[in-house]
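# Structure assessment
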Amino acid sequence: MVGEIRYLSARHEDTLADIARQQDIGYDALRAANPEVDPWLPKAGTQILIPSEYILPATSHRGIVINLPAMRLFYYPPHGNTVETFPIGIGREGWDTPTGTTTVIAKIRDPSWTPPASIRAEHAQNGDPLPAIVGPGPDNPLGQFALRLGWSGYLLHGTNKPYGVGMRVSHGCIRLLPNDIAALFAQVAPGTVVQVVDQPWLWGERDGSYYLQVFPAIQEKQGAANEQAFRRWLQEQIPAGLQISWEKALQVFREANGVPTLMAIRDPTASAG
């Protein structure tokens, strides 16, 4: 696990979109963690939970790891035992970001964008025709930096619409906030492994305490994200001899608010849950 849960007080005329960007949190993640808060005009002084604690995806901790339901990127620098994490925007319905393993094959500063014919057709149909090539500059949706992946047509890139980060808004590429892509671009070398996973359910341990974190499943896969499958998965995660409250676990599953929840403590003299 990395990070920690934080709180802040909303100021006059703050919106959750503003707070999300200021705190380097995805918009959907902030909404899910604060379901009772008015997203457009939180009352001044309202306590906002910042969901900045994460259970690392269950995969090898190297290179770049992207967990689609969390809409979060984790970068493991090649030297040292650290991890950096950033919110991302991913493919919307019908334009899914693929899962699997690939690599960074090129780094591009001030990229030009050549929209595919399918995207140009979509924009033309909506009365917003695109040129064949969009050059570098403020109108370029790729922002100032891009990392080309081994999957044809897919990039990790910045954006000229930062408020879409943390949402399902792209045509399959992975968007980062301008400052975040600049930081990642400066560190990542061609050949870096990129793993994209779909893990809405995460089980993690910190100092003998065990946590469950649940994100909303990717919409098209809701049918597979059912309680029976969740029960089977969670049963496989729980270490032998550890007791949890299944009622509490199912509540976490149903709320799917992306906030890690303490489920048990290894010390047998401490109460579980």
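Scroll up to find the structure this text is about.
Residues numbered from 1 in each chain as written. Predicted model: local features only at pLDDT ≥ 70, side-chain atom pairs only at ≥ 80, totals over all residues. Heavy atoms only, no water.

## Side note on the overall build of the chain
Scanning the chain for helices and strands turns up six helices and 17 strands. For the chain, whose C-alpha radius of gyration is 20 Å, the value lies close to the compact-globule estimate of 19 Å for 273 residues. By its C-alpha atoms, the chain is 65 × 45 × 40 Å across when sized along the principal axes. Sorting the 273 residues of the chain into buried and exposed places 48% on the buried side. (Helix = DSSP H or I, 4+ residues; strand = E, 2+ residues; numbered from the N terminus. Rg over C-alpha atoms; globule rule 2.2 N^0.38 Å. Buried < 20%, exposed > 50% of the residue type's maximum accessible area, 1.4 Å probe, protein only.)

## Quick look at the pattern of salt bridges
What the rule picks out here adds up to four salt bridges. Residue Glu 53 pairs with Arg 206 through a salt bridge whose shortest N-O separation is 2.7 Å. Placement of the pair is Glu 53 in strand β4 (residues 53-54) and Arg 206 in strand β15 (residues 201-206), with a sequence separation of 153 residues. Given a relative accessible area of 9%, Glu 53 falls into the buried group. (Salt bridge = Lys/Arg side-chain N within 4 Å of Asp/Glu carboxyl O.)

## Side note on the environment of Asp 139
Looking at where Asp 139 falls in the secondary structure, it is placed in the loop between α3 (117-125) and β10 (145-149). A C-alpha to C-alpha distance of 46 Å links Asp 139 and Tyr 210, two positions 71 residues apart in sequence. If sequence neighbours within four positions are ignored, Asp 139 has contacts with Val 134 and Asn 160. (Contact = heavy atoms within 4.5 Å.)

## Focus on the environment of Gly 150
When you line up the elements, Gly 150 lands in the loop between β10 and β11 (155-157). Residue class for Gly 150 comes out partly exposed when judged on its relative accessible area of 42%. Separated by 68 residues in sequence, Gly 150 and Ile 218 have C-alpha atoms that sit 23 Å apart. Setting aside anything within four residues of it in sequence, one finds Gly 150 in contact with Thr 102, Thr 103 and Ile 105.

## Things to note about the pairing of strand β14 (residues 193-197)
Of all five residues making up β14, five are buried, and the element is well covered by its neighbours. Residues Val 193, Gln 195 and Val 197 of β14 are buried on one face, and the alternating residues Val 194 and Val 196, pointing to the opposite face, are buried as well. Pairing of strand β5 (residues 63-67) with β14 involves four bridges; the strand directions are parallel. The residue bridging Ile 64 from the neighbouring strand is Val 194, located in β14. Relative to β14, strand β9 (residues 100-109) is paired through four bridges, and the arrangement is antiparallel. Residue pairing in the sheet places Thr 101 in a bridge with Gln 195 of β14. (Pairing = 2+ DSSP bridges.)

## Quick word on the sheet that holds strand β16 (residues 209-214)
Pairing in this open sheet of three strands is antiparallel, and the strands run β15-β16-β17 from one edge to the other. Looking at strand neighbours, the two that pair on one side only are β15 and β17 (261-265), the edges of this open sheet. Averaged over all adjacent pairs, the angle separating strand axes in this sheet is 25 degrees, with direction ignored. Where β16 lies against β17, four bridges are found, and the strand directions are antiparallel. Looking at the pairing, Ser 209 lines up with Ile 265 of β17. Running at roughly 160 degrees to β17, helix α6 (residues 246-255) makes contact with β15, β16 and β17 of the sheet. (Axes fitted to C-alpha atoms, helices over the stretch in contact; angles between N-to-C directions.)

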